[in-house]
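# Geometric and topological summary
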Amino acid sequence: MPYFQTWEEFSRAAEKLYLTEPMKVRVVLKYRHCDGNLCIKVTDDAVDVKKIEKLHGKLMRLMVSKETHSSVMEMD
């Protein structure tokens, strides 16, 4: 993952990425109040999103399940 030193470099790269494949690009903003730090990520890597959705689904099933956690994990 490339990191850019200037805002101009970042904005040009983000725009180029979007113009290449607009339906695959996603933007993530993360603000940490304790640091006063804003992180902006622009990516077209949809594979990571699928992995996150799968993990999120598993965790949600575990959280709402009346079964023991070990028996739910064995099913997957």
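Residues numbered from 1 in each chain as written. Predicted model: local features only at pLDDT ≥ 70, side-chain atom pairs only at ≥ 80, totals over all residues. Heavy atoms only, no water.

### Side note on the pairing of strand β1 (residues 26-32)
Burial runs low along β1: only zero of the seven residues are buried. Here seven bridges tie β1 to strand β2 (residues 37-43), and the two strands are oriented antiparallel to one another. Within β2, the residue paired with L29 across the bridge is I40. (Buried < 20%, exposed > 50% of the residue type's maximum accessible area, 1.4 Å probe, protein only. Helix = DSSP H or I, 4+ residues; strand = E, 2+ residues; numbered from the N terminus. Pairing = 2+ DSSP bridges.)

### Re the packing of aromatic side chains
For the coordinates displayed, the defined rule picks out two aromatic pairs. Measuring from centroid to centroid gives 6.4 Å for F4 and F10, while their planes differ by 65°, and the two rings are edge-to-face. Residue F4 is classed as partly exposed on the basis of its relative accessible area of 37%. We classify F10 as buried; its relative accessible area is 17%. Connected via pairs of aromatic rings, a cluster forms that spans F4, W7 and F10. (Phe/Tyr/Trp six-rings, centres within 6.5 Å; stacked < 30°, edge-to-face > 60°.)

### So, the confidence of the model for the protein chain
On average, residues of the protein chain score 81 in pLDDT, and 79% of them are at 70 or above. Per-element averaging of pLDDT across the protein chain places helix α3 (residues 69-75) at the bottom with 55 and helix α1 (residues 7-20) at the top with 91. (pLDDT = per-residue confidence, 0-100.)

### Here we look at the pattern of salt bridges
A pair can form between side chains of opposite charge whenever their charged atoms are brought close. Overall, the coordinates contain one salt bridge when judged by the stated rule. For D35, the salt bridge identified is with R32, shortest N-O distance 2.8 Å. Note on D35: relative accessible area 48%, which makes it partly exposed. Given a relative accessible area of 38%, R32 falls into the partly exposed group. (Salt bridge = Lys/Arg side-chain N within 4 Å of Asp/Glu carboxyl O.)

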